[in-house]
Every structure is written in C-alpha cells, then in structure tokens.
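Residue-level structure breakdown
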Amino acid sequence: MKYTIEKLLNVNIPEGIKKIIETNRKMDIIVDGEMNNFIVLSPDEMLEAYKEQKDLFDYNIIPFAFLDDDYLCLNYKNHNISIIYWSSERAMESKELAIFELYSSYDDFIKTCITNKIFVEK
C-alpha cells in the first residue's frame, strides 16, 4: 500500500520503515551520544509534519518520527536513503545546520535497529 506522502512526493518509503510505522509507537535512538525516545509518526502524521515544515525541509526529506520539535527523517539523495536527525531550531538559521546524518544508509539503520532491539512496541 502506498502512503499519501509517497504519492505526493513521488517516492517509495522502504518496507522496513513501513513496518516500524505499523508496529511501533516509540523507538529509542542515540543522537549525539545520548539516548532519545522518538515517537513514531503514523502515515497521516508524516504528511502533516511534512506540510508544516515543507518550507524548511527539502523535498527529499521525509519525517517518520519526532522528539519535541525535531524529527528523525529519511533523506533521499543520489539513489540512496540516509537517516538524519533534523533540528527545527537550527533550521531557522539554515537548512544545512538542521541536518545531522545518523546513518549514511537505510540498510545500516535497519541492521542497527535489529541488532540493538531499539524499538519499544505499542
């Protein structure tokens, strides 16, 4: 099933991310050496967050979890998907300052998720 955001932006969200969205409400991710408890967005919430931040997000950044006003996002670039932490506060200064790459590839992210069992089930 394609999410509305996929149709709108003409992208495919990886099945592993869809599984996270469908089976988890929270996930623990280390950002800057500190464990953070992100809330996983539903497909509708993903679209809503994207629309709210579209002037600050590039078209290739899709949020799938949030922490306060910050997001965990898919970053589509050059036929590759990386996982980034996107800072709302820093985005006000510059789009470039808002992005912190956590995983250079989607595969590395999924392997880490499986290995470390970082998901907290609903």
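Structure: above.
Residues numbered from 1 in each chain as written. Predicted model: local features only at pLDDT ≥ 70, side-chain atom pairs only at ≥ 80, totals over all residues. Heavy atoms only, no water.

Along strand β5 (residues 80-86), six of the seven residues are buried, which leaves the element largely enclosed by surrounding structure. Between strand β4 (residues 70-77) and β5, which follow one another and run antiparallel, lie two residues, and N78 among them has a positive phi close to 45 degrees. Alignment of β5 against strand β6 (residues 99-103), held across four bridges, turns out to be antiparallel. Within β6, the residue paired with W86 across the bridge is I99. (Buried < 20%, exposed > 50% of the residue type's maximum accessible area, 1.4 Å probe, protein only. Helix = DSSP H or I, 4+ residues; strand = E, 2+ residues; numbered from the N terminus. Pairing = 2+ DSSP bridges.)

Here the focus is the packing of aromatic side chains. A complete count under the given rule lists eight aromatic pairs for this structure. For the pair Y50 and F57, a centre-to-centre distance of 6.2 Å together with 20 degrees between the ring planes defines the contact as stacked. Like Y50, the residue F57 is buried in the burial classification. Put simply, the rings of Y50, F57, Y71 and W86 touch in pairs and so form one group of aromatic residues. When the ring centre of Y3 is taken as reference, the NZ or CZ atom of K18 above it lies at 5.0 Å. (Phe/Tyr/Trp six-rings, centres within 6.5 Å; stacked < 30°, edge-to-face > 60°. Lys NZ or Arg CZ within 6 Å of the ring centre and 35° of its normal.)

As a further point, take the nonpolar core. Formed by 42 residues in total, the largest nonpolar core has its most connected members in M27, F64 and F109. Filtering out sequence-adjacent residues up to four positions away, F109 remains in contact with I17, I20, M27, I29, F64, I83 and Y103. (Core = buried A, V, L, I, M, F, W, Y, C linked by side-chain atoms within 4.5 Å. Contact = heavy atoms within 4.5 Å.)

Turning our attention to helix α2 (residues 15-23). Note: α-helices contain 3.6 residues per turn, so residues at a spacing of three or four share the same orientation. Looking only at α2, the buried set comprises I17, K18, I20 and I21. Down the axis of α2, the buried side of the element spans an arc of 155 degrees, and every buried residue falls inside it. Residues of α2 that are exposed and angled more than 90 degrees away from the buried face: E15 and K19. (Arc of directions from axis to C-beta.)

Okay, the pattern of salt bridges next. In the structure shown here, the tally under the stated rule is four salt bridges. The shortest N-O distance in the salt bridge between K18 and E6 comes to 3.1 Å. Linking K18 in helix α2 with E6 in helix α1 (residues 4-9), this pair joins segments that are twelve residues apart in sequence. Residue K18 shares its accessibility class with E6, and that shared class is buried. For E101, the salt bridge goes to K77, with nearest N and O atoms at 2.8 Å. (Salt bridge = Lys/Arg side-chain N within 4 Å of Asp/Glu carboxyl O.)

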